[in-house]
Amino acid sequence: MTEFLWLLLVAAGPVLLGAAAAYALLNRRRLTPSEKSAQKRGTEKLYRERDVSHPR
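Structural notes, computed from the coordinates. Only a predicted model underlies this, so the values are computations on that prediction, with no experimental measurement involved. (Residues numbered from 1 in each chain as written. Predicted model: local features only at pLDDT ≥ 70, side-chain atom pairs only at ≥ 80, totals over all residues. Heavy atoms only, no water.)

Another aspect to go through is the pattern of salt bridges. Charged atoms that come close allow side chains of opposite charge to pair. In this structure the tally under the stated criterion is 4 salt bridges. Put simply, R29 and E35 hold a salt bridge, and the shortest N to O gap is 3.2 Å. Residue R29 is classed as exposed on the basis of its relative accessible area, which comes to 61%. Of the charged contacts, one joins D51 and R50 as a salt bridge, the two residues approaching to 3.4 Å between their closest N and O atoms. (Salt bridge = Lys/Arg side-chain N within 4 Å of Asp/Glu carboxyl O. Buried < 20%, exposed > 50% of the residue type's maximum accessible area, 1.4 Å probe, protein only.)

The next subject is the environment of M1. Within the element layout of this structure, M1 appears in the segment before α1 (2–26). The exposure class assigned to M1 is exposed, which follows from its relative accessible area of 70%. Counting along the chain gives 50 residues from M1 to D51, while the straight-line C-alpha distance between them is 63 Å. (Helix = DSSP H or I, 4+ residues; strand = E, 2+ residues; numbered from the N terminus.)

So, to be careful, I would describe these as geometric facts and stop short of saying anything about function.
Right, dumping it as structure tokens:
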């Protein structure tokens, strides 16, 4: 009986983990165009601030 439980855990564990990862990937929220624009502006701002404070 113990061997069957280990087999079940070893076989079902990766399957459940894969199913959870697939579910998360399929149900993630996409950014709206305005959110994408705000993200891009914020990223550019951070890079500009970094370049000013740490010149190469």
